[in-house]
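This is what each chain is made of:
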Amino acid sequence: MRRAVCPGSYDPPTNGHLDILERASGLFDEVCVAVLINKSKQGLFAVEERMEMLREISAHLGNVRIDSWHGLLVDYCRQHDIQAIVKGLRAISDFDYELQMAQMNQQLSGVETLFMPTKPPNSFLSSSLVKEVATYGGDVAHLLPEPVHKRLVRRLSQ
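None of the values given here were measured: they were computed from a predicted structure.

Caption draft 1: Quick peek at the overall build of the chain. Across its full length, the chain holds 6 helices and 5 strands. Mapped in sequence order, the helices and strands of the chain form the string β-α-β-α-β-α-β-α-β-α-α. For the chain, the C-alpha radius of gyration of 15 Å lies close to 15 Å, the compact-globule estimate for 158 residues. Scored against the burial criterion, the 158 residues of the chain give a buried share of 45%. For the chain, restricting intrachain contacts to residue pairs at least 6 apart in sequence, the fraction spanning at least 24 positions comes to 75%. Total accessible area computed for the chain in this model is approximately 8600 Å², and 53% of it derives from carbon and sulfur atoms.

Caption draft 2: The arrangement of the pairing of strand E5 (residues 112-117) in detail. With 6 bridges connecting them, strand E4 (residues 84-89) and E5 associate as parallel partners. The residue bridging Val86 from the neighbouring strand is Leu114, located in E5. Tracing the backbone out of E4, into helix H4 (residues 92-109) and back to the parallel element E5 gives a crossover that is right-handed.

Caption draft 3: Structural view of the nonpolar core. Ranked by size, the top nonpolar core spans 30 residues in total, and within it Leu54 and Val86 carry the most contacts. Secondary structure elements with two or more residues in this core: strand E1 (3-8), helix H1 (15-25), strand E2 (30-36), helix H2 (47-57), strand E3 (64-69), E4, helix H5 (127-135) and helix H6 (146-157). Here Val86 is in contact with Ala4, Val5, Cys6, Pro7, Ile20, Ala24, Phe28, Leu114 and Met116, once residues within four sequence places are set aside. Cys32, Trp69, Leu73 and Ile85 belong to the second largest nonpolar core, which has 10 residues in total.

Caption draft 4: Looking closely at the sheet that holds E5. With respect to topology, 5 strands assemble into an open sheet ordered E3-E2-E1-E4-E5, the strand pairing being parallel. Looking along the sheet, the strands with just one partner apiece sit at the ends: E3 and E5. Neighbour-to-neighbour, the strand axes of this sheet turn through a mean angle of 30 degrees, independent of strand direction. Where H1 meets the sheet, it contacts E1, E2, E3, E4 and E5, and its direction lies at approximately 120 degrees from that of E5.

Caption draft 5: Examining H5 more closely. Within the sequence span of H5, burial applies to Ser127, Val130, Lys131 and Ala134. Down the axis of H5, the smallest arc covering the buried residues is 100 degrees, so these residues share one side. Residues of H5 that are buried sit in contact with H1 and H6. Just past H5, the residue Gly137 takes up positive phi, approximately 90 degrees.

Caption draft 6: Examining the packing of aromatic side chains more closely. Counted according to the given criterion, the structure contains 2 aromatic pairs. With 5.2 Å between their ring centres and 70 degrees between their planes, Trp69 and Tyr76 make a pair best called edge-to-face. The two residues Trp69 and Tyr76 agree in class, both being buried. Judged by centre distance (5.7 Å) and plane angle (70 degrees), the ring pair of Phe95 and Phe115 falls under edge-to-face. Residue Phe95 is found in helix H4, and its partner Phe115 is found in strand E5; the two are separated by 20 residues along the sequence. Under the relative-accessibility criterion, Phe95 is labelled partly exposed at 29%.

Caption draft 7: How the structure looks around the pattern of salt bridges. Evaluated as defined, the whole model comprises 16 salt bridges. With its nearest N and O atoms 3.4 Å apart, the salt bridge here joins Lys119 to Asp19. Of this pair, Lys119 sits in the loop between E5 and H5 while Asp19 sits in helix H1; the two residues are 100 residues apart in sequence, bridging distant segments of the chain. Measuring nitrogen to oxygen at the nearest pair gives 2.7 Å for the salt bridge that ties Arg78 to Asp75. Residue Arg78 and its partner Asp75 are located together in helix H3 (residues 73-79), separated by 3 residues, close to a single helical turn. We classify Arg78 as partly exposed; its relative accessible area is 49%.

Rules used in this analysis
- Here the residue index of a chain counts from 1 through its sequence in written order.
- At least 70 in pLDDT is required for a residue's local features to be given in this predicted model, at least 80 for side-chain atom pairs to be given and counted, and no such filter applies to totals for whole chains, interfaces and linings, which use all residues.
- Each side-chain value is worked out from all heavy atoms of the structure, with water and hydrogens disregarded.
- Here a helix means four or more residues in a row that DSSP labels H or I, a strand means two or more in a row labelled E, and each is numbered from the N terminus.
- Atoms considered for the radius of gyration are the C-alpha atoms alone. The globule rule reads 2.2 Å times the number of residues to the power 0.38.
- When a residue's accessible area, from a 1.4 Å probe over protein chains only, is under 20% of the maximum for its type it is buried; when over 50% it is exposed; and in between it is partly exposed.
- Whether two residues touch is decided by their heavy atoms; if any such pair falls within 4.5 Å, the residues are in contact.
- Accessible surface area values rest on a Shrake-Rupley calculation with a 1.4 Å probe, where residue burial reflects the displayed protein chains alone.
- If DSSP finds at least two bridges between two strands, the strands pair.
- Handedness rule for crossovers: strands pointing away from the viewer, path from the first strand over the helix to the second running clockwise, crossover right-handed.
- Put simply, a nonpolar core is a bunch of buried Ala, Val, Leu, Ile, Met, Phe, Trp, Tyr and Cys residues held in one set by side-chain atoms that sit within 4.5 Å of each other.
- Between N-to-C directions, angles cover 0 to 180 degrees, with each direction set by a line fitted to C-alpha atoms, over the stretch in contact for helices.
- Taking the helix axis as origin, the arc is that swept by the directions to the C-beta atoms.
- Classification of ring pairs uses Phe, Tyr and Trp, with its six-membered ring standing for Trp, and accepts pairs whose centres are within 6.5 Å; under 30 degrees between planes counts as stacked, over 60 as edge-to-face, and the remaining range as tilted.
- Take a side-chain nitrogen of Lys or Arg and a carboxyl oxygen of Asp or Glu: if they are within 4 Å of each other, that pair is a salt bridge.

Structure representation (structure tokens):
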């Protein structure tokens, strides 16, 4: 079985994230979405909430499994018999950092990283930017899956 992992913070999951998940699900038998836990960062959504949103927006993808992980991603790959890491790239600035991570992960474990370019409408899209725009009242509905947008609006109104 060909397995891949799509790691990230997903705070919140965007249309760009969903696009990468959909495309990866067509290439692999199983795609694990690993919500990475960073105890030094306080997210807008709790890890379990992010996982719930990801389950909801990926429900149409029968080979996608949602999980969380704290620690080295290569350890997650070893533990779950995952051969590839799939990362979406928006711009050359993403590539500089992601290439270093890919080379380190390959050196540590032999796990390969596959870079998938985002589709042009998502090339500027990041969870951080979406949260910032939404915080100041900007319309981000077209940047998020509908269930995620509803949760974001609710959270920011609290």
